[in-house]
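Coordinates in review
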Amino acid sequence: MKIKHIPKSDLQQITSIFNREIGRFVFFVFVLFFDGIWFAENVTNSQVLINILMIAGFLKMYLRSTPRVKELMIYAVILGFGGEYLFSRALNMYTYRLENVPFYVPLGHAALYGRIFMFSKASIVQKHHKAIEQLFGYFIALFATIYLLFFGDVFGFVMTGFVFLLLWKRPKDRLFFLSMYLLVAILEIGGTAFGAWSWPSTAFGVFDFLPSNNPPSGISLFYFLLDVSCFFIYTQRHKIAWKRLKRIKKVSRS
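Reading the values: rules and limits
Residues numbered from 1 in each chain as written. Predicted model: local features only at pLDDT ≥ 70, side-chain atom pairs only at ≥ 80, totals over all residues. Heavy atoms only, no water. Helix = DSSP H or I, 4+ residues; strand = E, 2+ residues; numbered from the N terminus. Rg over C-alpha atoms; globule rule 2.2 N^0.38 Å. Buried < 20%, exposed > 50% of the residue type's maximum accessible area, 1.4 Å probe, protein only. Contact = heavy atoms within 4.5 Å. Areas by Shrake-Rupley, 256 points an atom, 1.4 Å probe, with all protein chains shown as cover. Lys, Arg positive; Asp, Glu negative; His and termini not counted. Charge placed at Lys NZ, Arg CZ, Asp CG, Glu CD. Expected span 1.5 Å × (residues − 1). Arc of directions from axis to C-beta. Phe/Tyr/Trp six-rings, centres within 6.5 Å; stacked < 30°, edge-to-face > 60°. Lys NZ or Arg CZ within 6 Å of the ring centre and 35° of its normal. 1 Å grid on protein atoms, 1.4 Å probe; cavity = no way out; pocket = protein on both sides within 12 Å on 5 of 7 lines; lining within 4 Å. Points joined across faces, edges and corners; volume = space filled by probe spheres on them. Nonpolar A, V, L, I, M, F, W, Y, C, P; charged D, E, K, R; others polar.

With respect to the overall build of the chain
A count of helical and extended segments in the chain gives eleven helices and four strands. The C-alpha radius of gyration of the chain comes to 19 Å, within 12% of the 18 Å expected for a compact globule of 254 residues. The principal-axis extents of the C-alpha atoms in the chain amount to approximately 60 × 40 × 35 Å. Here the chain holds 254 residues, and the buried ones make up 45% of them. The long-range fraction of contacts in the chain, counting pairs at least 24 apart against all pairs at least 6 apart in sequence, stands at 75%. Carbon and sulfur atoms make up 67% of the accessible area of the chain, which totals about 13900 Å². Side chains of the chain give 28 positive and 13 negative charges; the mean places of these two sets differ by 17 Å.

Here is the structure:
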């Protein structure tokens, strides 16, 4: 299937928004080096410093965000703490270097959520969302296939399949979650390469029929839980406004 054409001027705007909202977050991947194994063994344990830097970065982004994004970011931090303790400490899905849950991680989830939300809602991005979704979808399929063939990453490939299946049922969420998949993949590759955290050789270290790479490719599947939970809480707190928005959308489609 041919990817839809995006005019050069629009592509430049999209690239600029991507760099502003998401590209800066990618810089944090390199900060993870200072919470990695080599730095801890040869220099010092600097997890506290990274926590402080993340708090500062989170506050800067929070103060510059819209009221809706601010509220969603707060929910993401709270749910992020709960999710990290559940999946990392209780279920042993992955393990952090110090076998704790670094404070910067839930804040990072919220910052990640906010950045991608703002990118996916930008008007020029929405204008060409189908072309962007196609491009991201092809890249993700290639990425997961390479991980399966060269790293035996069955677990990641299966999770990627579920990502596409869920997005097939939820077309309005495709741009957000395909963007999320790519950014999470970059974050996971950096974090595991530096040794800030690691994944077992099988899913949860229990399911031998699901061999896993370190990291698995499709871990963004679990970010659906974060997004759905944040969105549910938001709609429950703003029931009247949400019902009014749904009525407006229904009228515009008729």
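Still to come is the rest of the account.
Comments concerning helix H10 (residues 223-237)
Helix length check: H10 (15 residues) gives 21 Å between terminal C-alpha atoms against 21 Å at 1.5 Å per residue, within 8%. Looking at H10, one finds that the buried residues are Tyr223, Phe224, Leu226, Asp227, Cys230, Tyr234 and Thr235. Down the axis of H10, the buried set is contained in an arc of 165°. They therefore lie on one face.

Remarks on the packing of aromatic side chains
Evaluated as defined, the whole model comprises 20 aromatic pairs. Geometrically, the ring pair formed by Tyr113 and Phe176 is edge-to-face, given 5.5 Å between the ring centres and 65° between the ring planes. With Tyr113 in helix H5 (residues 104-121) and Phe176 in helix H9 (residues 174-194), this residue pair connects regions lying 63 residues apart in the sequence. Judged by its relative accessible area of 8%, Phe176 falls in the buried class. Three or more aromatic residues link up through ring pairs in this structure, and these residues are Phe33, Phe34, Trp38, Phe39 and Phe194. The ring of Tyr62 is capped by Lys70, whose NZ or CZ atom sits 5.5 Å from the centre of that ring.

Focus: the layout of surface pockets
In this structure, the second largest pocket occupies an estimated 500 Å³ of space. Every residue lining the second largest pocket is counted, 27 residues in all, and those nearest its centre are Gly83, Glu84, Tyr94, His109 and Tyr223. Mapped onto the lining of the second largest pocket, the elements with two or more residues apiece are helix H1 (8-31), helix H4 (67-90), H5, H9 and H10. The leading source of residues in the lining of the second largest pocket is H4, at six residues. Its residues placed into classes, the lining of the second largest pocket shows 20 nonpolar, five polar and two charged.

A few points about the environment of Phe136
Mapped onto the elements of the fold, Phe136 is located in helix H7 (residues 129-151). Among the residues examined, Phe136 registers a relative accessible area of 12% and is labelled buried. C-alpha of Phe136 to C-alpha of Tyr181: the two residues are 45 residues apart in sequence and 9.0 Å apart in space.

Quick look at the side chain of Asp10
Looking at the element boundaries, Asp10 is found in helix H1. Ignoring any residue separated from it by four or fewer positions in sequence, one finds Asp10 in contact with Ile124, Lys127 and His128.

A short note on the environment of Arg68
With respect to the helices, strands and loops of the structure, Arg68 is situated in helix H4. For the pair Arg68 and Phe155, spaced 87 residues apart in sequence, the C-alpha to C-alpha distance is 35 Å. Setting aside chain neighbours within four positions, we find Arg68 in contact with Phe117, Phe231 and Tyr234.

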